[in-house]
Amino acid sequence: MTSADEHVEVLIVGAGLSGIGAAYHLRRAFPRRSFAILESRDALGGTWDLFRYPGIRSDSDMYTLGFRFRPWLGDKAIADGGDILDYLRDTAAESGLDRHIRYRHRVLRADWSSAENRWTVRAERTGTGEIVTLTTDFLWSCGGYYRYDEGYTPEFPGIHRFAGPVVHPQFWPADLDVAEKRVVIIGSGATAVTLGPALTARGAHVTMLQRSPSYIVSMPERDKFAMRVRRFLPRGAAYRVARAKNMVLATAVYQLSQRYPAAMRARIRGWQRRWLPEGYDIDTHFTPAYKPWDQRVCLAPNGDFFRAIRKGRLDVVTDRVDTITETGLTLASGAALDADIVITATGLNLLAFGGVELAVDGRPVRPNEHMAYKAMMLSGVPNFAYVIGYTNASWTLKADLVSEYVVRLLRHMDRHGYARCTPVRDESVGEEPLFLTFNPGYIRRAVALFPIQGDRAPWRLRMNYFRDLFTLRYAPIADRAMRFDRAAAPARVPVRD
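Since the structure is predicted, the reported quantities are computational estimates derived from the model, not experimental observations.

What follows deals with the confidence of the model for the chain. For the chain, per-residue confidence averages 91 on the pLDDT scale, and 96% of positions sit at 70 or higher. Confidence, read as mean pLDDT per element, is least for helix α12 (residues 441-446) in the chain (70) and greatest for strand β2 (residues 35-38) (98). The model gives residues 490-497 a pLDDT under 50, and that stretch makes zero contacts with residues more than four places away or in other chains.

This is the structure in structure tokens:
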């Protein structure tokens, strides 16, 4: 079945952090402009509604993960997933944006017509299988880059023989009881670092089995500076001050890590030595082969990960899985780990633009054949924007800037009577992978799914909020790379007497 066509001026795909923020900026700037938000799941929140494993939280502080336009008023700077989800729901409800969300609408395909200057978008109502068709002047992809229907699990020999539960954190069973159980977590990323202490708090004895270490640092759960500022300033001003402080701090840490990796590695090692038991083998278990921030640094609020080690409830083993037996794991070194539960915190699969098939005038858009313009549009693809947040800072910092830019872009088009904007690639610009200096496994596996970047502005991906602040909030909209077109005048039909 296919429903009748409907037209909205802007169509937003995804109702998570990016989509809610985009809708807010759009609605505030253009109160009369029609828009809709299509969400494939049955609830808003994106990542923060999908992931339900114990301890789920953000690795970014809420003064930067929160929206620029809505202060975070919670006590915790490192907030639990449920609190973040409540913040998103409240934001959508208070601004009336929740009334524009159409749930269970999974976008399948979007076709751009230059003759009509509009997109035709086909979406499936996942509850009924009905195909819904909408047209829109501007398509805005805000679905993030995680694949929600599957996680990444390597092939572990013998895993089907294991007698106990094997769980991927992306699909955590609500009734899983870990009390007094031996739990082996395979993985060393942010999810494993979050799960370890959370499961020990539920009575489990946890072993984190890692093939190679990650950088793990402690950070206070509450931001003392932000709490002090709240006593003297109105809540909006206090939020902005705390936000600015944390943006500067995060940028400084990243830049120091890139420019002076040996010094930063030594500093992290010193922090860890203070948290870990005397004589702990930091070289084996906490010293990665890569430089800090070549992959995301994992966060342990109030040192919870290190505290669990000191209490004897959490062990770290650096080795490889040889095979999985009925009762545990045999490792490449010949050692064995007994287990009642195995958790495969082995990563995520990525999906560009939510898996939506794009086409321009009948020609399929293959993202890796297109260059990213200002890391938010595609060369040769008209009236289309997307959000991919920072890998070295809060996702929302970039999402807010993209929203501000799209608002400025639409205003520029309105002011000049343009119907179409298209980034046009300069063939002299050299090609590079989109995530050039960020190389975790989930990025390496998915590099062919994403657009490329160029070797100069405006085709260069800058993982730097302050540089993007100028480019996206203040720099002129019209530049040599962006082509604007007006709608063709309708053909005149001769009038016969």
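What follows deals with the pairing of strand β14 (residues 321-324). Looking at chain direction, β14 and strand β15 (residues 328-331) are connected through three bridges and run antiparallel. Within β15, the position partnered with Val-321 by the bridge is Leu-331. Linking two consecutive strands that pair antiparallel, namely β14 and β15, is a turn of three residues.

Attention now moves to the packing of aromatic side chains. Tallying each qualifying case throughout the model produces 25 aromatic pairs. Ring geometry for Tyr-63 against Tyr-239: centres 6.3 Å apart, planes inclined by 45°, an arrangement best described as tilted. Pair noted here: Tyr-63 is in helix α3 (residues 62-65) and Tyr-239 is in helix α7 (residues 235-259), with a separation of 176 residues, a long-range link. When sorted by exposure, Tyr-63 lands in the same class as Tyr-239, which is buried. Between the aromatic rings of Phe-305 and Phe-306, the centroid separation amounts to 6.0 Å while the plane-to-plane angle is 90°, which identifies the pairing as edge-to-face. Take Phe-305 and Phe-306: they sit in the same class, and that class is buried. One aromatic cluster in this structure is built from Phe-51, Tyr-53, Tyr-145, Tyr-146, Trp-395 and Phe-450. For Arg-33, the ring lying beneath its charged end belongs to Phe-30, and the centroid distance is 4.2 Å. Above the face of the Phe-30 ring, Arg-411 is positioned so that its terminal group lies 5.7 Å from the ring centre.

Pairing in this open sheet of five strands is parallel, and the strands run β8-β17-β9-β10-β13 from one edge to the other. Strands with a single pairing partner mark the edges of an open sheet, and in this sheet they are β8 (166-167) and β13 (314-318). Where strand β9 (residues 182-186) meets strand β10 (residues 205-210), five bridges bridge the pair, whose relative direction is parallel. The residue bridging Ile-185 from the neighbouring strand is Met-208, located in β10. Contacts from helix α5 (residues 190-200) reach β9, β10, β13 and β17 (341-344) within the one sheet, and its direction differs from that of β9 by about 170°.

Within strand β6 (residues 131-141), ten of the eleven residues are buried, which leaves it mostly tucked inside the rest of the structure. Where strand β1 (residues 6-13) and β6 come together, seven bridges link them in parallel fashion. Looking at β6, one finds that Ile-12 is bridged to Trp-140. Count of turn residues in the strand β5 (residues 118-125)/β6 antiparallel hairpin: five residues, of which Gly-129 carries a positive phi of about 85°. Looking at chain direction, β6 and strand β23 (residues 384-386) are connected through three bridges and run parallel. If you follow Ser-141 over to β23, its bridge partner there is Tyr-386.

This part takes up the side chain of Arg-33. Take Arg-33: it is sitting in the loop between α1 (17-29) and β2. Here Arg-33 is in contact with Glu-9, Val-10, Leu-410 and Asp-414, once residues within four sequence places are set aside.

This part is about the packing of α1 against helix α11 (residues 395-416). Their axes nearest at 9 Å, the elements α1 and α11 cross at an angle of 35°. The two elements α1 and α11 cross, and the hand of that crossing is right-handed. Mapping the contact onto sequence places Leu-17, Ser-18, Gly-21, Ala-22, His-25, Leu-26 and Ala-29 in α1 and Trp-395, Thr-396, Ala-399, Asp-400, Ser-403, Glu-404, Val-407, Leu-410 and Arg-411 in α11. Residues that form the contact of α1 with α11 fall into these classes: eight nonpolar, five polar and three charged.

Bringing the nonpolar core into the picture now. If you look at the biggest cluster of nonpolar residues, it comprises 135 residues, and the most contacted ones within it are Ile-12, Trp-140, Leu-199 and Phe-305. At eleven residues, the largest contribution of residues to this core is made by α11. If sequence neighbours within four positions are ignored, Leu-199 has contacts with Pro-54, Trp-172, Val-178, Val-183, Ile-185, Ala-204, Val-206 and Ile-343. Residues Leu-209, Leu-331, Leu-337 and Ala-339 belong to the second largest nonpolar core, which totals twelve residues.

A few words on the pattern of salt bridges. Inspection of every chain in the model, using the stated rule, returns 30 salt bridges. For Asp-80, the salt bridge goes to Lys-76, with nearest N and O atoms at 3.2 Å. Several salt bridges converge on common partners, so that one network encompasses Arg-41, Asp-49, Arg-52, Asp-86 and Arg-89.

Further remarks concern the sheet that holds β15. Taking strand neighbours across the sheet as the criterion, the three strands line up as β14-β15-β16 in an open arrangement whose pairing is antiparallel. Each edge of the open sheet is held by one strand with a lone partner, namely β14 and β16 (336-338). Between one strand axis and the next, the sheet turns through 20° on average, direction left out of account.

When two helices pack together, their arrangement is given by the angle between their axes and by how far apart the axes lie. Close contact between helix α6 (residues 224-232) and α7 brings their axes to 9 Å; oriented N to C, the two are set at 155°. Taken together, the axis directions place α6 and α7 in an arrangement best described as roughly antiparallel. For the crossing formed where α6 meets α7, the hand is right-handed. Every residue of α7 that contacts α6 at Phe-225, Ala-226, Val-229 and Arg-230 is listed here: Ala-238, Val-241, Ala-242 and Lys-245. Taken together, the residues of the contact of α6 with α7 sort by class into six nonpolar, no polar and two charged.

Scoring rules and cut-offs
- Residues numbered from 1 in each chain as written.
- Predicted model: local features only at pLDDT ≥ 70, side-chain atom pairs only at ≥ 80, totals over all residues.
- Heavy atoms only, no water.
- pLDDT = per-residue confidence, 0-100.
- Helix = DSSP H or I, 4+ residues; strand = E, 2+ residues; numbered from the N terminus.
- Contact = heavy atoms within 4.5 Å.
- Pairing = 2+ DSSP bridges.
- Phe/Tyr/Trp six-rings, centres within 6.5 Å; stacked < 30°, edge-to-face > 60°.
- Buried < 20%, exposed > 50% of the residue type's maximum accessible area, 1.4 Å probe, protein only.
- Lys NZ or Arg CZ within 6 Å of the ring centre and 35° of its normal.
- Axes fitted to C-alpha atoms, helices over the stretch in contact; angles between N-to-C directions.
- Left-handed = near helix turned anticlockwise from the far one by under 90°.
- Nonpolar A, V, L, I, M, F, W, Y, C, P; charged D, E, K, R; others polar.
- Core = buried A, V, L, I, M, F, W, Y, C linked by side-chain atoms within 4.5 Å.
- Salt bridge = Lys/Arg side-chain N within 4 Å of Asp/Glu carboxyl O.
- Parallel < 35°, antiparallel > 145°, perpendicular 65-115°, else oblique.

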